[in-house]
Amino acid sequence: MKIPDGQLSLTLNTGDTIPQLGLGVFKVDDDVCEQLVLDALEVGYRHIDTAMIYRNEAAVGRALAASGIARDEIFVTTKLWNSDQGTENTPVALQTSLELLGLDYVDLYLIHWPAPLRDDYVATWLALEELHAQGLAKAIGVSNFEPEHLEKIMEAGSITPAINQVELHPAFQQRTPRAFQEPLGIITEAWGPLGQGKYELSELPGLVELAKAKGRSIQQIVLRWHLQEGVVVFPKTARKERLVENLSVFDFDLTAEEMDIVAAMDINKRVGTHPDDGNW
Ligand code: NAD
């Protein structure tokens, strides 16, 4: 896809590009989501991360249609919910998402959680491979997969996931799973890139000082760190001024020493659900 001037992108294992920064719409109610996505598109976002379970795909779809922006200039991700896993349910779920989004295809379709107790994620992956072959999902990937889950789908399937979307923020940097997946060409997406507001970023050692030295907000420093780490981010905000703030991270760099300051903030602090426990 065409990447907006000045923004950064990564190349997926399909050969397509993905804008490295987008907007996530978890916990954005359907009635405010349409305007939020329109605002985001207006200020320059071209990548939206939603999911069936967020119950706002229809609002995202209305915003995409109202924006008048060409389809191939916007990267849209949605995710398959756990109860839709399995050979028969998976194609129906994607069709429903496409109808809600008003799209012929998604740029990226993810299995939301492995849900290992359901024991259906391998069959689900094979179903995603089929949907990719049909052109309904330009790229396919997973979310919240641990290396053992990735190994199982790659053994059974013939496509390497383009993406694994996992919890990742300065206090929880996922070095071990990243060292497994990234050499395989699987790009890491960071959910909760700002820690979901579940801890005070300002209490991370050295972050306030670093932000002051760079003349940026602490959130901008964290987002810039993610970009330079080579991961994809889509911070969520419902406020227009923060949409602009979060997107304004392409005009400065962190030095190697400044990257090291953030790297040292990792205390293995998970704020969300462990992948083995996401069996809802
Ligand atoms: P996040 O880390 O993006 O944090 C969101 C919080 O940060 C909100 O409370 C918001 O008010 C605040 N915030 C955002 N920008 C700010 C700024 N500039 N200044 C001050 N505060 C700011 O957490 P998230 O929304 O959970 O994660 C981002 C996206 O990741 C989601 O919207 C969703 O698309 C995705 N996600 C995926 C999964 C998954 O299981 N795959 C789970 C959670 C989230």
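Here the structure is a predicted model, which means the values were calculated and not measured.

Novice: Account for the packing of aromatic side chains, with residues named and values stated.
Specialist: For the coordinates displayed, the defined rule picks out five aromatic pairs. Ring geometry for Tyr-121 against Phe-145: centres 5.5 Å apart, planes inclined by 80°, an arrangement best described as edge-to-face. One end of the pair, Tyr-121, is in helix 4 (residues 121-133); the other, Phe-145, is in the loop between strand 7 (137-143) and helix 5 (147-156), with 24 residues separating them in the sequence. A residue is classified by how much of its surface remains accessible, and Tyr-121, at 4% relative accessible area, is buried. One aromatic cluster is present, formed by Trp-81, Trp-113, Trp-191 and Trp-280 through successive ring pairs. The ring of Tyr-105 has Arg-71 sitting right over it, with the charged end atom 4.1 Å from the ring centre. Against the face of Tyr-105 rests Lys-138, its NZ or CZ located 4.9 Å from the ring centre.

Novice: Let's hear about the site of the ligand: which residues, and what values?
Specialist: Around the ligand, 25 residues are found, and the nearest of them are Asp-49, Ser-143, Leu-194, Gln-196 and Asn-246. Between the ligand and the protein, one listed contact pairs an oxygen atom with a side-chain N or O atom of Trp-191 at 3.4 Å. In the environment of the ligand, a nitrogen atom lies 2.8 Å from a nitrogen or oxygen atom belonging to the side chain of Asn-246. Contact with the protein chains covers 87% of the free accessible surface of the ligand, which is 840 Å². Ranked by residue count, the leading element in the shell around the ligand is helix 9 (residues 240-247), at three residues. Residues of the shell around the ligand, tallied by class, amount to nine nonpolar, 11 polar and five charged.

About the cut-offs
- Residues numbered from 1 in each chain as written.
- Predicted model: local features only at pLDDT ≥ 70, side-chain atom pairs only at ≥ 80, totals over all residues.
- Heavy atoms only, no water.
- Phe/Tyr/Trp six-rings, centres within 6.5 Å; stacked < 30°, edge-to-face > 60°.
- Helix = DSSP H or I, 4+ residues; strand = E, 2+ residues; numbered from the N terminus.
- Buried < 20%, exposed > 50% of the residue type's maximum accessible area, 1.4 Å probe, protein only.
- Lys NZ or Arg CZ within 6 Å of the ring centre and 35° of its normal.
- Near = heavy atom within 4 Å.
- Polar contact = N/O pair within 3.5 Å; in protein donor to acceptor, adjacent residues only side chain to side chain.
- Areas by Shrake-Rupley, 256 points an atom, 1.4 Å probe, with all protein chains shown as cover.
- Nonpolar A, V, L, I, M, F, W, Y, C, P; charged D, E, K, R; others polar.

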